[in-house]
Amino acid sequence: MAKVATVMTDLFEDVEFTSPRDALVDAGHEVTVIGPEAGQTVTGKQGEAKIETDLGIDDANPEDYDALLIPGGYSPDSLRGDDRFLEFTRHFANAEKPIFSICHAPQLLVNADVLQGKDATSVSQVAVDVKNAGGNYIDEAVVIDDSGLVSSRTPDDLPQFNEAIVNALKN
């Protein structure tokens, strides 16, 4: 069983959290939601998902986790202005632990400065950001980099993304 940290705040893309979380939990993994504060209710941008954060970022130790899940929506854009979330994210990249990124999630990776030389995908609007950050943008449903970064484009790609992230934790 792997311990997976998820970083998010309000206006995350509902299904980009709920679907991967369900796939990970169904595969026997533990998912911890980390937000700005513990016990805070964060609401998806579709209004379908209301999730209570398990931990605040100040109480989260990235060494306690085996992988990082970053849902898309507007949440990554909000989090990328917070140095605490950038440091948390850098830990996974520097340790080459799996990072699961979908849709707008690379915005957090761009500001954490961890995309240089890595193969990645995202929603089309973020492609230029990935390229400008030194990433190798590939327009495919799922892109798996040797560093452990598993990225995907949109909710349409969730079946392939979910399969890839569950497989990444089998190693």
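Before reading on, note that the structure itself is shown above.
Note that the coordinates shown come from a computational prediction; the quantities given were computed from them, not determined experimentally.

1. Some points on the overall build of the chain
Here is step 1: Along the chain, the regular secondary structure elements total six helices and 11 strands.
Here is step 2: The C-alpha radius of gyration of the chain comes to 14 Å, within 12% of the 16 Å expected for a compact globule of 171 residues.
Here is step 3: Expressed along its principal axes, the backbone C-alpha trace of the chain runs to roughly 35 × 30 × 30 Å.
Here is step 4: Of all 171 residues assigned to the chain, the portion counted as buried reaches 57%.

2. Quick look at unusual backbone geometry
Here is step 1: Positive phi, close to 70°, is recorded for Leu 11, a residue that is not glycine.
Here is step 2: Along the chain, Leu 11 falls in the loop between β1 (3-7) and α1 (14-26).
Here is step 3: Even without glycine at this site, Cys 103 takes up a positive phi of about 65°.
Here is step 4: Examined against the element boundaries, Cys 103 turns out to sit in the loop between β7 (99-102) and α4 (106-112).
Here is step 5: Taking relative accessible area as the criterion, Cys 103 reaches 7% and is therefore assigned buried.

About the cut-offs
Residues numbered from 1 in each chain as written. Predicted model: local features only at pLDDT ≥ 70, side-chain atom pairs only at ≥ 80, totals over all residues. Heavy atoms only, no water. Helix = DSSP H or I, 4+ residues; strand = E, 2+ residues; numbered from the N terminus. Rg over C-alpha atoms; globule rule 2.2 N^0.38 Å. Buried < 20%, exposed > 50% of the residue type's maximum accessible area, 1.4 Å probe, protein only.

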